[in-house]
Amino acid sequence: MPLEFFLLLAAALFCIGIYGLITSRNAVRVLMSVELLLNSVNINLVAFSNFLDRQNINGQVFTVFVITVAAAEAAVGLAIILAIYRNRDTVDMEQFNLLKW
Amino acid sequence: MDVANLASQLNAGAILPEGAVILTLMVVLIGELALGRASAARWTPYVAIAGLLLSVGLLCLQWDLTPTLSFLGSFNADKLSIVLRSIIALSTLVTILMSIRYVEQAGSSIGEFMTILLSATVGGMFLCGAEELTMIFVSLETLSIASYLLTGYMKRDPRSNEAALKYLLIGAASSAVFLYGLSLLYGLSGGETHLSAIANALAQGTNHLGLLIALVFVIAGISFKIAAVPFHQWTPDVYEGAPTPVVAFLSVGSKAAGFALAIRLLTQAFPAVVEQWQFIFTALAILSMVLGNVVAIAQTSMKRMLAYSSIGQAGFVMIGFVIGTEAGYASMIFYLLIYLFMNLGAFTCIILFALRTGTDQISEYAGLYQKDPLLTLALSLCLLSLGGIPPLAGFFGKIYLFWAGWQAGAYGLVILGLVTSVISIYYYIRVVKMMVVKEPQEMSDVVLNYPAINWTPLGMRPLQVGLFVTLIATSIAGILSNPLFTLVNNAVVEVPHLQTANAAKTPMAILPTTTPELPAPLVSNSDSTAL
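Fair warning: this is a prediction, and the values are worked out from it, not measured in the lab. (Residues numbered from 1 in each chain as written. Chains lettered and ligands numbered in written order. Predicted model: local features only at pLDDT ≥ 70, side-chain atom pairs only at ≥ 80, totals over all residues. Heavy atoms only, no water.)

Draft legend 1. Representation of the overall build of chain B within the structure. What chain B contains, in helices and strands, is 23 helices and two strands. For a compact globule of 531 residues, the expected C-alpha radius of gyration is about 24 Å, and chain B comes in at 23 Å, within 12% of that figure. Counting only C-alpha atoms and orienting by the principal axes, one finds that chain B spans roughly 70 × 55 × 40 Å. The proportion of buried residues among the 531 residues of chain B is 63%. For chain B, contacts bridging at least 24 residues in sequence account for 80% of all contacts bridging at least 6. (Helix = DSSP H or I, 4+ residues; strand = E, 2+ residues; numbered from the N terminus. Rg over C-alpha atoms; globule rule 2.2 N^0.38 Å. Buried < 20%, exposed > 50% of the residue type's maximum accessible area, 1.4 Å probe, protein only. Contact = heavy atoms within 4.5 Å.)

Below, the structure written as structure tokens:
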């Protein structure tokens, strides 16, 4: 399979992630969209690493770091959502309007 | 393989300052667990301060060493990174001084606060020297995730929760976009992750469009970190909701780390499209200066006003970045150094006022001079310095920036910078006037009921120390600006890739065109230091 297929898959996943990020009202869904964005990057990195960089596999090492950081980010994100749910009894993004500019 | 040999190969001595911070972090974390939360409030901040002082001391000792790449080229401990790492460590230091009383009064645990703040510092310091994509990403995320946690630290306060959620979602999305840019960069360079290797690989390639797409994604991520318009929407919300000491750290430490990332990544990995990124940053600088300073006028909350003012200040700093000359980079880092003291000074004053009265509204400052002259004096000096009134430090910072811009021929940017500076002086002076000029009968209610000045409660003495340190630095850094500027200049001159970014531009008018082998930076440096 040519490299382009993988890049197209990653780009499509990235666009779905951005779409979910903009349209979701539930904070957990927004967090899931962010995970989609990070996973599209992972596909990109692994594809490049497999096609262009077979000796050093820097891209695959990078992917391991991305997955780790994504896990940390999701943990912190869920913790914050939990804290806000305890205070406000909702995770609806439209309800979070205490801070206005 | 024995450990000492491995350490010498990796050149691990370069990260000793970070090692000191990490060690302090572990001591604070384990010590708090072992000795209990009640006693931790009394000793953890001082341990953290000692660790940061040690770290700054180690950075000073490294100044004269020849810059070397460590960890197989992942980390560059050159003078530029030493200056920027010192800025971040110092900003954490002053933030700790002002946060002890604040966290104590809010009834939260101070040991955990110190731990998270120190991990943010470690992330920022590593980011300043990172030369490899994985390293850049991991240190950037260390800084970011710790910042999200700090923002949401007041977990019973719905405003702090909301600020943290907004910051986390926007931050995570922007770092994912940044990461997508990095992955494209990795692919375009044919599998390189070191910045210099990427630049070499890209110089041979012809895929200009792909490179531009990667550039746009990367700039979006960086602009989020430095809060440049139009990637600034999180700033006012986060600044208003987050605990004030955290805001102080975000506005100085985190922003300095963002600029460090911008300098390293853009000048080193994107020399092929230097015109384009300078153009994008010019647009960002113009938008930031105009929007930041104009919207700040309309604010009624002091924290929100400083949020917009920090957007405007980032615009000024970007002038030094886009002109791409040695003097530009030097004046930009010099301004960050000055900005550290004046902005943290202003935040110290706001925290002090909020601790005594419990409000952030600008109108509540009316008539403060009658009740608390010291606070009035300190806040006035810091705000006037932010506005750029001579002979305070901010004036010299701006002079260097604008002069460097003028020399490089960026006349439009400099004139816009001057105009928006005048606008900024208006809203800073408005606060000063509110505090000083009002008659006793015009005093606000909170100032009428102002409590007696008392420095004895736990954590007030460090706050006082922080107030005096920033105040003195703001007052005299302007007069002593020449040695400081020479120091920053030395840091910039020795970085080779900043000169290549310069060489790609058309030579400046002051350069003698007949001797092209003359090193351009020396000429522009001597001119601007002679000012």
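Draft legend 2. Molecular detail of unusual backbone geometry. For the bond from Val229 of chain B to Pro230 of chain B, the omega torsion is 5°, close enough to zero to count as cis. Each neighbour pair has its own omega, and for Pro390 of chain B with Pro391 of chain B the value is 5°, a cis peptide bond. Positive phi, normally seen in glycine, also occurs at Ile57 of chain A, with a value near 40°. Checked against the element boundaries, Ile57 of chain A lands in the loop between helix 2 (27–52) and helix 3 (58–88). When its relative accessible area of 34% is taken as the criterion, Ile57 of chain A is described as partly exposed. With phi around 55°, Leu72 of chain B is a residue other than glycine that occupies positive phi space. By the secondary structure assignment, Leu72 of chain B is in the loop between strand 1 (69–70) and strand 2 (75–76).

Draft legend 3. View of the interface of chain A and chain B. At the junction of the two partners, chain A supplies 42 residues and chain B supplies 44 residues. The contact between chain A and chain B buries some 3,600 Å² in all, and 75% of this surface belongs to carbon and sulfur atoms. Among the ionic pairs, Arg88 of chain A bridges to Glu162 of chain B, the shortest N-O distance being 3.4 Å. Scanning the region where chain A abuts chain B turns up six residue pairs in polar contact (both at pLDDT 80 or more). Elements represented by at least two residues in the side of chain A that touches chain B include exactly helix 1 (3–23), helix 2 and helix 3 of chain A. With 16 residues, helix 3 of chain A is the largest single contributor of residues to the side of chain A that touches chain B. (Buried area = accessible area lost by both parts, 1.4 Å probe. Salt bridge = Lys/Arg side-chain N within 4 Å of Asp/Glu carboxyl O. Polar contact = N/O pair within 3.5 Å; in protein donor to acceptor, adjacent residues only side chain to side chain.)

Draft legend 4. Main features of the packing of helix 1 of chain A against helix 7 (residues 158–188) of chain B. Remark: helix 1 of chain A packs on helix 7 of chain B, axes separated minimally by 12 Å, with the N-to-C direction vectors making an angle of 165°. As far as their axial angle goes, helix 7 of chain B and helix 1 of chain A are roughly antiparallel. The interaxial crossing formed by helix 1 of chain A with helix 7 of chain B has left-handed handedness. Residues Ala10, Ala11, Phe14, Ile18 and Leu21 of chain A of helix 1 of chain A form the contact with helix 7 of chain B, whose own contacting residues are Ala173, Ala176, Val177 and Tyr180 of chain B. (Axes fitted to C-alpha atoms, helices over the stretch in contact; angles between N-to-C directions. Parallel < 35°, antiparallel > 145°, perpendicular 65-115°, else oblique. Left-handed = near helix turned anticlockwise from the far one by under 90°.)

Draft legend 5. Structural detail: the pattern of salt bridges. All names here are of chain B. Per the counting criterion, the structure on display carries 13 salt bridges over all chains. Two residues, Arg264 and Glu131, come together in a salt bridge whose shortest N-O distance is 3.0 Å. Note that Arg264 is positioned in helix 11 (residues 244–269) and Glu131 in the loop between helix 5 (110–129) and helix 6 (133–151), a separation of 133 residues in sequence. Classification of Glu131 by relative accessible area gives buried; the value is 6%. Taking the shortest distance from any N to any O, the salt bridge between Lys166 and Asp237 comes out at 3.3 Å. Here Lys166, found in helix 7, pairs with Asp237, found in helix 10 (residues 234–241); they are 71 residues apart in sequence, far enough to count as distant.

Draft legend 6. Local environment of the environment of Phe126 of chain B. Residues and elements named next belong to chain B. Along the polypeptide, Phe126 turns up in helix 5. Linking Phe126 and Thr282, residues 156 residues apart in sequence, is a C-alpha distance of 27 Å. Setting aside anything within four residues of it in sequence, one finds Phe126 in contact with Ile15, Glu18, Ile22, Phe75, Met135 and Ser139.

Draft legend 7. Looking closely at the UniProt feature "transmembrane region" (unreviewed entry) in chain A. Mapped onto this numbering, the UniProt entry gives "transmembrane region" (unreviewed entry) at residues 30–52 and 64–85 of chain A. Counting secondary structure, residues 64–85 of chain A comes out at 100% helix and 0% strand; the distance between its end C-alpha atoms is 31 Å. (UniProt positions renumbered as here; feature names shortened; annotations may be inferred.)

Draft legend 8. A look at the confidence of the model for chain B. Across chain B, the average pLDDT comes to 88, with 93% of residues at or above 70. When the criterion is pLDDT under 50, residues 504–531 of chain B qualifies, and its contacts beyond four places in sequence or with other chains add up to 39 contacts. (pLDDT = per-residue confidence, 0-100.)

Draft legend 9. Layout of helix 16 (residues 373–387) of chain B. All names here are of chain B. The first and last C-alpha atoms of helix 16 sit 21 Å apart over 15 residues, in line with the 21 Å expected at 1.5 Å per residue. Among the 15 residues in helix 16, 11 count as buried, and that is most of the element. Among all positions of helix 16, only Leu375, Thr376, Ala378, Leu379, Ser380, Cys382, Leu383, Leu384, Ser385, Leu386 and Gly387 are buried. At its buried positions, helix 16 is contacted by helix 13 (302–323), helix 14 (326–357), helix 15 (368–371), helix 17 (393–407), helix 18 (411–436) and helix 20 (460–476). A positive phi of about 90° marks Gly388, the residue just after helix 16. (Expected span 1.5 Å × (residues − 1).)

Draft legend 10. How the structure looks around the packing of helix 12 (residues 274–297) of chain B against helix 18 of chain B. Residue and element names in this part refer to chain B. Interaxial distance between helix 12 and helix 18 falls to 9 Å at its minimum, and their mutual angle equals 20°. By the criterion of interaxial angle, the relationship of helix 12 to helix 18 is roughly parallel. Crossing hand, helix 12 versus helix 18: left-handed. Residues Thr282, Ala285, Ile286, Met289, Val290, Asn293, Val294, Ala296 and Ile297 of helix 12 touch helix 18, and the partners they reach there are Leu413, Leu416, Gly417, Thr420, Ile423, Ser424, Tyr426, Tyr427 and Arg430. When grouped by side-chain class, the residues that make up the contact of helix 12 with helix 18 number 12 nonpolar, five polar and one charged. (Nonpolar A, V, L, I, M, F, W, Y, C, P; charged D, E, K, R; others polar.)

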